[in-house]
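Architecture and fold: a report
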Amino acid sequence: FTLDVTQHTRLIAALQLALCRGPPTEAAAAAAEEDLRAAAAEALLFACVRSNEVKQTVLDGLCGAGQLKPAIEQSGAAAACKLLALLRALASTEPSSLVA
C-alpha cells in the first residue's frame, strides 16, 4: 500500500485537522475527542512510515503551522503517545534539512 499525496490530499488534510481541534467543552465529548486524536495520529503515522512525500506534507501542515505541540499538550496519555510516535516518524524525513 502506498499513499499518493496528490490523490489523497483531502484525507491527509482531514487527519491533520482532527489533530488540531481544540479541547471539547463537554466532558462526554472529551473521551470521543481523545479517541479521534489517537486514531488520526495513528493513521498519519502509518502513512508517514510508508511515504516520505506524506512526511513532507505533514511537516508543512502540522509542524510548519506550529500545531503539533499544542495537540500533544491537549491530549491524554494514549493520544500523546501516538502523537510522539508520529513526531519520531517525521524526524526521519528526507532530506533532513526539512526537519530543522
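Anyway, here's the lowdown on the structure attached to this text. Keep in mind it's a predicted model, so treat the numbers as computed, not measured.

About the thresholds
- Residues numbered from 1 in each chain as written.
- Predicted model: local features only at pLDDT ≥ 70, side-chain atom pairs only at ≥ 80, totals over all residues.
- Heavy atoms only, no water.
- Helix = DSSP H or I, 4+ residues; strand = E, 2+ residues; numbered from the N terminus.
- Rg over C-alpha atoms; globule rule 2.2 N^0.38 Å.
- Buried < 20%, exposed > 50% of the residue type's maximum accessible area, 1.4 Å probe, protein only.
- Contact = heavy atoms within 4.5 Å.
- Areas by Shrake-Rupley, 256 points an atom, 1.4 Å probe, with all protein chains shown as cover.
- Lys, Arg positive; Asp, Glu negative; His and termini not counted.
- Charge placed at Lys NZ, Arg CZ, Asp CG, Glu CD.
- Polar contact = N/O pair within 3.5 Å; in protein donor to acceptor, adjacent residues only side chain to side chain.

This paragraph deals with the overall build of the protein chain. Counting its secondary structure elements, the protein chain contains five helices and zero strands. Ordered by position from N to C terminus, the α and β elements of the protein chain give α-α-α-α-α. Relative to a compact globule of 100 residues, whose C-alpha radius of gyration would be 13 Å, the protein chain shows 13 Å and is just as compact. Expressed along its principal axes, the backbone C-alpha trace of the protein chain runs to roughly 40 × 25 × 20 Å. Per-residue burial for the protein chain yields a buried fraction of 34% across its 100 residues. Within the protein chain, counting contacts between residues at least 6 apart in sequence, those at least 24 apart form 68% of the total. For the protein chain, the accessible surface area stands at approximately 5700 Å², while carbon and sulfur atoms represent 60% of it. In the protein chain, which carries 8 positive and 10 negative side-chain charges, the distance between the mean positions of the two groups comes to 2 Å.

This part takes up the side chain of Ser75. With respect to the helices and strands, Ser75 occurs in the loop between helix 4 (68-74) and helix 5 (77-90). Ser75 sits in the buried class, given a relative accessible area of 13%. For Ser75, the side chain forms a polar contact with the main-chain oxygen of Ala71, separated by 2.5 Å. Excluding its chain neighbours within four sequence positions, the residues that come into contact with Ser75 are Glu34, Arg37, Ala80 and Leu83.

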